[in-house]
Amino acid sequence: MPVEEFVAGWISGAVGLVLGHPFDTVKVRLQTQSTYQGIVDCVVKTYRHESVLGFFKGMSFPIASVALVNSVLFGVYSNTLLALTATSHQERRAQPPSYTNIFIAGCTGGLLQAYCLAPFDLIKVRLQNQTEPRMQIASSMPRYRGPVHCASSILREEGPQGLFRGSWALVLRDTPTLGIYFVTYEGLCRQYTPEGQNPSSATVLVAGGFAGIASWITATPFDVIKSRMQMDGLKGRKYGGMLDCMASSFRQEGIGVFFKGMTLNSARAFPVNAATFLSYEYLLRLWR
Ligand SMILES: C[N+](C)(C)CCCC[C@H](N)C(=O)O
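Per chain, residue numbering runs from 1 following the sequence as it is written. Per-residue local features are limited, in this predicted model, to residues with pLDDT of at least 70; the limit for side-chain atom pairs, both in listing and counting, is 80 or more; totals at the level of whole chains, interfaces and linings are taken over all residues. Only heavy atoms go into the side-chain values, all of them from the structure, while hydrogens and water stay out.

The name given to the protein in an unreviewed UniProt entry is Solute carrier family 25 member 45, with Mus caroli as the source organism. UniProt positions are given in the numbering used here, feature names are shortened, and annotations may be inferred rather than shown by experiment. Reading the Sequence similarities (unreviewed entry) entry of the UniProt record for the protein gives the comment "Belongs to the mitochondrial carrier (TC 2.A.29) family."

Set out below in structure tokens:
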């Protein structure tokens, strides 16, 4: 089993993650809290109240887990393609796999990475939603002191299954949309690269960026539901389950609720995934 893909997936994921975290924090807050009027309002309030550090809340666990999550995504994707088409990463430029196989491999990678991601993503979302400034008076101490305290509190208060809250919505969000992700990336690379050659860095950046946007636009409706399910349970249970969460969000806020955070998801997706694919391709070529 080629190991390079796993390692390249890990490093490239970390690069993308740091770049995109501030966008992600604002998005999570807009999706789950109704105190903000919009992106600008949320940015201003976060900055005033919590300084620039507020935007980086909840980042340490994703950094630690991106190794696992992204290496599972890229590693499973590449190895599924190997099983389906009997071509390794090096051979794929000369013998390009069909889009159906790329889609199936992307979905398989997406499904498995969603399960690894679930507990880390939950902790990230809970920490991002703490709006207390870092330095404070005892009366407004945030509920969680950090990622480890957050994980242990959830285990204690909500049980082990509490750590997987929202994981169904996460699986539904990631499985088809990671198929779309790789199909878009490959499609754009092929479009702009002469046959049999490796795509140029500019092509990889643009194809990666648009793959991220296509995947995040389609993922946003389940992303909203996922974030809301993850916050549920913090102050008692509000939703009877995923379907109930969808129905009651729709009833209260209309169809627009499923598109909350779409602008930010797309704005974040371009740089994050351009960087991810560029470093991924670069590392794999380096190790050949
Ligand atoms: C499938 N979905 C769009 C949800 C995620 C795509 C993941 C790509 C990258 N790790 C990122 O954070 O943008």
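### Observations regarding the nonpolar core
Note on terminology: a nonpolar core comprises buried Ala, Val, Leu, Ile, Met, Phe, Trp, Tyr and Cys residues joined through side-chain atoms within 4.5 Å. Only protein chains enter the calculation, and the probe is 1.4 Å; a residue is then buried if its accessible area is under 20% of its type maximum, exposed if over 50%, and partly exposed in between. Counting 19 residues, the largest nonpolar core has F74, Y181, F182, Y185 and F277 as the members making the most contacts within it. For this core, the secondary-structure elements that each account for two or more residues are α3 (60-85), α4 (99-128), α6 (167-191), α7 (201-231) and α9 (262-286). The helix and strand labels rest on DSSP assignments: H or I over at least four residues marks a helix, E over at least two residues marks a strand, and numbering proceeds from the N terminus. The element best represented in this core is α6, accounting for five residues. Those residues in contact with Y185 that sit more than four places away from it in its chain are V204, A207, G208, A211, F277 and E281. The contact rule is simple, with two residues in contact once any of their heavy atoms fall within 4.5 Å.

### Quick notes on the site of the ligand
Throughout this document, a residue counts as near a molecule or strand when at least one of its heavy atoms sits within 4 Å of that molecule or strand. What surrounds the ligand is the set N70, R173, D174, T177, L178, Y181, S215, W216, A219, R268, V272 and N273. The separation between an oxygen atom of the ligand and a polar side-chain atom of W216 is 2.8 Å. Any pair of N or O atoms that falls within 3.5 Å is considered a polar contact. Within protein, one atom must be able to donate a hydrogen and the other to accept it, and sequence-neighbouring residues count only if both atoms are side-chain atoms. At a separation of 3.1 Å, an oxygen atom of the ligand approaches a polar side-chain atom of N273. Throughout, the Shrake-Rupley method with a 1.4 Å probe supplies accessible areas, and for residues the shown protein chains are the sole cover considered. Relative to its unbound accessible area of 370 Å², the ligand is 89% covered by the protein chains. When atoms are counted within 2 Å of each cavity's grid points, the one that captures over half of the ligand is the largest cavity. Mapped by element, the contributors of at least two residues to the shell around the ligand are α6, α7 and α9. Lining residues are those with an atom within 4 Å of a point, where the points come from a 1 Å grid over the protein atoms alone and group into cavities, where a 1.4 Å probe fits but cannot get out, or pockets, open sets with protein on both sides within 12 Å along at least five of seven lines. Any molecule with more than half of its atoms within 2 Å of a cavity's or pocket's grid points is regarded as sitting in that cavity or pocket.

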